[in-house]
Amino acid sequence: MKVSYFWHMDFGKLQDISRVDFRLPASKQANEAVLSKFPSQTLQVWVGLPVWSQKEWVGKIYPPKAQSKDFLKYYAEQFNSIELNTTHYRIPDKATIELWKKQVNKDFHFCPKFPQPISHEKMLQNCQNLVTEFCEAISGLEENLGLSFLQLPPYFELKHLPILENFLAEFPVDIPLAVEFRHASWFKEENFEKAAQVLERYNKSTVITDVAGRRDVLHQRITNSALMVRFVGNGLHPTDYSRLDEWIWQIGEWQKQGLQRIYFFLHEPDNILAPEIALYFIEKLNLTCKTNLLLPKFFDKNIQMKLF
């Protein structure tokens, strides 16, 4: 499973980022109209990482003698959400769901990724039984279910939009869903707007990915009251921090327009340094957007002191 995960994270990865324009594109004009449709409420923010089973975090954000069976419990004491990539490879059984729930508090949200057989192998077609099985499994998370996300494969093109629309038309309305697009055809000219309008029609969210080698996927289009952002850093390079500063400003603007929920997931190479960048992001976000997220605590105080 770990091999597959790192293969997945090669998307948009660059060895040399010196010529990358990391500036955020302008927020789409349609966003304000979309957000105005929803009743006003305080912005809720969930911040997390893409894994909890990271042995290098023992002694860093996990206790020095932490055992792997307790990693999720310790993770949930530091962050309020997880980008749940494990479900991309296997639909969890009821016992697994119950075990996960026991290790987190009621405010913690899992954001499960759709299984590969649905998204990549069957390309959303002739897979209703699998979809039902997956949705029944994750609905067992109850109050701990956040925004599930469907990552379309890199060969799922604009011409396949009718397939996506048929899939959304049959999808359970009570399962929160965000869609991540990857093929370059979605981002040429006004093509993404066609996809966004379909997501609006079915009240589904978008995933915005911020990664060095694919600046086109940074589409900045919101389609309902919730949003997922997947931020891929470059080993705590100075641009990781300046990029997050800009994101915090943008979230503040969307907050004014009425965004209700945002899930922000932070990736770093191998994710060993992901807690460090998450600490920076959460502290700055609390200051700017007046959120009240708990700061992750480091057992190694030297790490925390070096960040500020």
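Look a little higher up for the structure.
A few points on the structure. (Residues numbered from 1 in each chain as written. Predicted model: local features only at pLDDT ≥ 70, side-chain atom pairs only at ≥ 80, totals over all residues. Heavy atoms only, no water.)

## A look at the side chain of Asn 191
Then step 1. Looking at where Asn 191 falls in the secondary structure, it is placed in helix α8 (residues 191-201).
Then step 2. The class of Asn 191 is buried, set by a relative accessible area of 11%.
Then step 3. Of the polar contacts made by the side chain of Asn 191, one reaches the backbone oxygen of Ser 185; its length is 2.9 Å.
Then step 4. Not counting chain neighbours up to four residues away, the residues in contact with Asn 191 comprise Leu 158, Ser 185 and Trp 186. (Helix = DSSP H or I, 4+ residues; strand = E, 2+ residues; numbered from the N terminus. Buried < 20%, exposed > 50% of the residue type's maximum accessible area, 1.4 Å probe, protein only. Polar contact = N/O pair within 3.5 Å; in protein donor to acceptor, adjacent residues only side chain to side chain. Contact = heavy atoms within 4.5 Å.)

## Quick notes on the environment of Thr 206
Then step 1. Inspection of the secondary structure assignment puts Thr 206 in strand β6 (residues 205-210).
Then step 2. As for Thr 206 and Asn 224, which are separated by 18 residues in sequence, their C-alpha atoms are 8.1 Å apart.
Then step 3. Leaving out residues up to four positions away in the same chain, Thr 206 has contacts with Ala 178, Val 179, Phe 192, Leu 199, His 219, Arg 221, Ile 222, Thr 223, Leu 227 and Met 228.
Then step 4. A polar contact is formed between the side chain of Thr 206 and the backbone oxygen of Arg 221, at a distance of 2.7 Å.

## Notes on the sheet that holds strand β4 (residues 148-151)
Then step 1. The sheet built from eight strands is open, its strands ordered β3-β2-β1-β8-β7-β6-β5-β4 with parallel pairing. Where the open sheet ends on each side, the last strands, each with one partner, are β3 (109-112) and β4. Sheet twist, expressed as the average angle between the axes of neighbouring strands with direction ignored, equals 25°.
Then step 2. Where strand β2 (residues 81-84) meets β3, four bridges bridge the pair, whose relative direction is parallel. Across the sheet, the residue bridging to Ser 81 is His 109, located in β3. (Pairing = 2+ DSSP bridges. Axes fitted to C-alpha atoms, helices over the stretch in contact; angles between N-to-C directions.)

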